[in-house]
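Tertiary structure, described
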Amino acid sequence: MKKLIVANFKMNEQPNEVKQYFIKFVSQFTGVRADVVICPTFVNIPFARFLTDGSVVKIGAQNVSDEEQGAFTGEVSAKMLKAYGVEYVLIGHSDRRIKFKESDKLINKKIKTALKNGLKCIVCVGESLADRNTEQTYEVIRKQLEEDLRGLYENELESVIIAYEPIWAIGTGNNASVKDVENAAKVIRKVILENFSEKASRDIQVLYGGSINEKNYSPLLNSAGIDGGLIGGLSLNVNAFLNIVNSVK
Ligand code: 13P
């Protein structure tokens, strides 16, 4: 099975940079080893879609409204994303949980709205350094998953991907160890087993994210129970990102 590798550009890349990036990426991505989803900022999505049209590169959004439509100034709906050819959306990234105070209740509503509109949800979970130091990692992951996925039907889980992104590992250069990642994947699959089914727990795709680089990607992305990666900083370097997605096994 190919790895799923997701690039999260966060609030980076001007339109001219997006242009150069995608022209190079599309011409050099082989698509043999990995499926790739790239998540630019909202304003760059139509351009990115245009530049990836006819290629195997998929486009994702970094956020979506929990509401369908109406007087929600500044928001972007799932239906709009879908109309622009977006297939995936990141929900519950720690930037949004922490800096924009998004609760698990809101995340749950966003997931339901996105699924209803045919988007695949990449749901991010992960503990803070304080949680880790007080040995609460697994309780935190469990609580986030149970609240974020509450009320979903089992067949909807086919459009849900879980990304384990420990907050202390994001953008710090301190990636989790293979053991940390394998243990987290086990807990994630256990929670899915207890709340849904054995099949769902086996089939769900679990990604790791947090300071992935050209040296550590291979062991991390090949950890037991891990199906791919969610990459921030490194994904902005098109050559480095191409190297990973074209060579990962
Ligand atoms: P870094 O790869 O920069 O640590 O970011 C990870 C991340 O937050 C991806 O969503």
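Anything mentioned here points back to the structure above.
Keep in mind the model is a prediction, meaning the values are calculated, not measured.

With that out of the way, let us pick up the overall build of the protein chain. Helix and strand counts for the protein chain come out as 11 helices and 8 strands. Relative to the globule expectation of 18 Å for 249 residues, the C-alpha radius of gyration of the protein chain, 17 Å, shows essentially globular dimensions. Along the longest, intermediate and shortest principal axes, the C-alpha atoms of the protein chain span 45 × 45 × 35 Å. The buried share of the protein chain, reckoned over its 249 residues, is 51%. When the accessible surface of the protein chain is totalled, it reaches about 11900 Å², and 51% of it is carbon and sulfur. Here the protein chain carries 32 positive and 30 negative side-chain charges, and the mean point of each set is 3 Å from the other.

Taken together, 13 residues sit near the ligand, with K10, H93, G171, S211 and G233 positioned nearest. Here an oxygen atom of the ligand sits 3.1 Å away from a polar atom, N or O, in the side chain of E165. Within the backbone of G171, a nitrogen or oxygen atom sits 2.7 Å from an oxygen atom of the ligand. Across the shell around the ligand, the residue classes break down as 4 nonpolar, 7 polar and 2 charged.

Turning to the packing of helix α5 (residues 104-116) against helix α7 (residues 137-148), a few remarks are in order. At their nearest, the axes of α5 and α7 sit 8 Å apart, and the two run at 45° to each other. The angle between α5 and α7 places the two elements in the oblique class. Helix-helix and strand crossings are classified by hand; for α5 and α7 the assignment is right-handed. In this structure, α5 uses D104, I107, N108 and I111 to contact α7, whose residues at the interface are K143, Q144, E147 and D148. Each residue belonging to the contact of α5 with α7 can be placed in one class, and the counts come to 2 nonpolar, 2 polar and 4 charged.

The next thing to look at is empty space enclosed by the protein. Summary: where empty space remains is shown by rolling a probe the size of a single water molecule over the atoms. Within this structure, the stated rule accounts for 1 cavity of 30 Å³ or more. The volume enclosed by the largest cavity comes to roughly 30 Å³. What lines the largest cavity is simply G92, S94, R97, C124, V125, G126, Q144, E165 and I167. Elements that contribute at least two residues to the lining of the largest cavity include exactly α4 (94-99) and β5 (120-125). Partitioned by chemical class, the residues of the lining of the largest cavity number 3 nonpolar, 4 polar and 2 charged.

So, on to the side chain of S211. Tracing the sequence through the fold places S211 in the loop between β7 (205-209) and α10 (217-221). At 2.6 Å, the side chain of S211 and the backbone oxygen of A169 are in polar contact. Beyond its immediate stretch of four places on either side in the chain, S211 contacts A169, I170, G171, T172, G173, N174, N175 and N216.

Here is what the cut-offs are and how they apply
- Residues numbered from 1 in each chain as written.
- Predicted model: local features only at pLDDT ≥ 70, side-chain atom pairs only at ≥ 80, totals over all residues.
- Heavy atoms only, no water.
- Helix = DSSP H or I, 4+ residues; strand = E, 2+ residues; numbered from the N terminus.
- Rg over C-alpha atoms; globule rule 2.2 N^0.38 Å.
- Buried < 20%, exposed > 50% of the residue type's maximum accessible area, 1.4 Å probe, protein only.
- Areas by Shrake-Rupley, 256 points an atom, 1.4 Å probe, with all protein chains shown as cover.
- Lys, Arg positive; Asp, Glu negative; His and termini not counted.
- Charge placed at Lys NZ, Arg CZ, Asp CG, Glu CD.
- Near = heavy atom within 4 Å.
- Polar contact = N/O pair within 3.5 Å; in protein donor to acceptor, adjacent residues only side chain to side chain.
- Nonpolar A, V, L, I, M, F, W, Y, C, P; charged D, E, K, R; others polar.
- Axes fitted to C-alpha atoms, helices over the stretch in contact; angles between N-to-C directions.
- Parallel < 35°, antiparallel > 145°, perpendicular 65-115°, else oblique.
- Left-handed = near helix turned anticlockwise from the far one by under 90°.
- Contact = heavy atoms within 4.5 Å.
- 1 Å grid on protein atoms, 1.4 Å probe; cavity = no way out; pocket = protein on both sides within 12 Å on 5 of 7 lines; lining within 4 Å.
- Points joined across faces, edges and corners; volume = space filled by probe spheres on them.

All we've got here are geometric facts, nothing functional implied.
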